[in-house]
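Examination of the molecular architecture
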Amino acid sequence: MIGIGYLLAGVSNLIFSLSPYANFGIFLFILFFTGMAGPAYGAVIIDASTKENRKAIYTVSYWLNNLAVAAGGIIGAFLFKKYPYEMFIGIALVAFLSWVVTKIWLQDIHVSATAANISQQATKSWLENYRRILSNKRFVFFTIAGLFLFSLEESLTTYMGIKLVEEIKNPVSIFPLTAFFEVDGFQLIGLLKAENTILVVLLSLVIAGLLKKYQDRLLMLGGGFCYAFGFIVISYSSVPVVLIIAMFVATIGELAHIPAKQAYLASLIPDDARGSYMAVYGLSLHFSGIIAALFVMLSGIISAGMITFLFMVMGSVSLIIYYVLFQTEHEEKSLEKTTA
């Protein structure tokens, strides 16, 4: 359906120019089915992996996603202005190729009949299904922690971007006391985004290899701290070299904690409801964009220092939640060993 949507957008606009409202409707159609496919693919990754190799799989998956974003950004930059509709047709062909690969080679591992019966009884309506998910307190708190952390990165192109554009209207040098490579606020935001994407593509597998001997607990807490700290610095400073260093720290934290976090998420999800859980978790990531937009509104009411303080609170709450989840899990395992 995603492929059909892009094919419709490309062919229709090449034959006769559609109204903006018609194109808007087509892309709503595309986004709807993108939202349906995402949680299902996430559930399939969990099904096809084991506890031992899951973190490695998520590392490769994360690297491939960022590589795709980088490649897509470059292709879009060259084609979108002059050949947007031909590009849509190309995207449709890629979507159809993905469908063929999924149909032929991707196996869906079905849950047992017992689990399926339990699932059928527990999900007679979608309200009961999501009530069941929200009653999983560990999953809910984990989702809130991830929501707060991801909101910091989402703020880079909203609140932080607006702040840098307003504060750096005239080009300034990246390196102090020199006139080498001057940028304004717009260019600096683009530079930071490019730095993040390039570092992820180049260092994902390297960082994964260096950190594979460390436990998920340390990676999530240490990586999460670096991730939050980097974006907190970016939210406050307007010195280009400081921002570039802060983005480097945030990216290293991102590479350390994201695969570990995805692997831990998989351990929280019941086997018979993976699609529903992944849908809820994916929805929380969309809410991070809403939170980031709220900070833009708040910037007209409260000071930049206060917003940075709120970012610090969000980052701290996320790390505290991670720590409590790990501590609770450790105590439960210790209790099981004692009673066994």
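In case you missed it, the structure is sitting above this.
Residues numbered from 1 in each chain as written. Predicted model: local features only at pLDDT ≥ 70, side-chain atom pairs only at ≥ 80, totals over all residues. Heavy atoms only, no water.

Our next topic: the layout of surface pockets. Of the voids in this model, the second largest pocket is the one considered here, and its volume is about 850 Å³. As for the second largest pocket, its lining consists of 28 residues, and the residues nearest its centre are Lys51, Gln215, Asp216, Arg217 and Tyr264. Among the elements of the structure, helix H3 (54-79), helix H9 (185-211), helix H10 (216-236), helix H11 (240-268) and helix H13 (304-339) are those that each provide at least two residues to the lining of the second largest pocket. Of the residues contributing to the lining of the second largest pocket, the split by class is twelve nonpolar, six polar and ten charged. (1 Å grid on protein atoms, 1.4 Å probe; cavity = no way out; pocket = protein on both sides within 12 Å on 5 of 7 lines; lining within 4 Å. Points joined across faces, edges and corners; volume = space filled by probe spheres on them. Helix = DSSP H or I, 4+ residues; strand = E, 2+ residues; numbered from the N terminus. Nonpolar A, V, L, I, M, F, W, Y, C, P; charged D, E, K, R; others polar.)

In this model helix H2 (residues 20-48) runs 41 Å from its N-terminal to its C-terminal C-alpha over 29 residues, within 8% of the 42 Å that 1.5 Å per residue would give. Taken together, the buried positions of H2 are occupied by Asn23, Ile26, Ile30, Pro39, Gly42, Ala43, Val44 and Ile46. Packed against the buried residues of H2 are helix H1 (2-15), H3, H11 and helix H12 (274-298). (Expected span 1.5 Å × (residues − 1). Buried < 20%, exposed > 50% of the residue type's maximum accessible area, 1.4 Å probe, protein only. Contact = heavy atoms within 4.5 Å.)

Attention shifts here to the environment of valine 317. The topology assignment puts valine 317 in helix H13. The exposure class assigned to valine 317 is partly exposed, which follows from its relative accessible area of 30%. As for valine 317 and isoleucine 144, which are separated by 173 residues in sequence, their C-alpha atoms are 9.2 Å apart.

Burial of nonpolar side chains together is a common tendency in soluble globular proteins. If you look at the biggest cluster of nonpolar residues, it comprises 52 residues, and the most contacted ones within it are Phe142, Leu156, Phe231, Ile234 and Phe311. Taken together, the elements giving at least two residues each to this core come down to helix H7 (137-154), helix H8 (159-167), H9, H10, H11, H12 and H13. Residues contacting phenylalanine 311, with those up to four places away along its chain left out, are Leu152, Ser155, Tyr159, Met160, Ile232, Ser235 and Phe295. Counting eight residues, the second-largest nonpolar core is a separate cluster that includes Ala9, Leu18, Ile26 and Ala92. (Core = buried A, V, L, I, M, F, W, Y, C linked by side-chain atoms within 4.5 Å.)

Turning our attention to the pattern of salt bridges. Scanning all chains against the criterion turns up two salt bridges. For aspartate 216, the salt bridge is made with lysine 55, and the minimal N-O distance between the two is 2.9 Å. Of this pair, aspartate 216 sits in helix H10 while lysine 55 sits in helix H3; the two residues are 161 residues apart in sequence, bridging distant segments of the chain. According to the relative accessible area criterion, aspartate 216 is partly exposed, its value standing at 24%. (Salt bridge = Lys/Arg side-chain N within 4 Å of Asp/Glu carboxyl O.)

Moving on, we come to the side chain of serine 204. Considering the arrangement of structural elements, one finds serine 204 in helix H9. For serine 204, a relative accessible area of 3% corresponds to the buried category. Not counting residues within four places of it along the chain, the set of residues in contact with serine 204 comprises Thr59, Trp63, Leu199 and Leu255.

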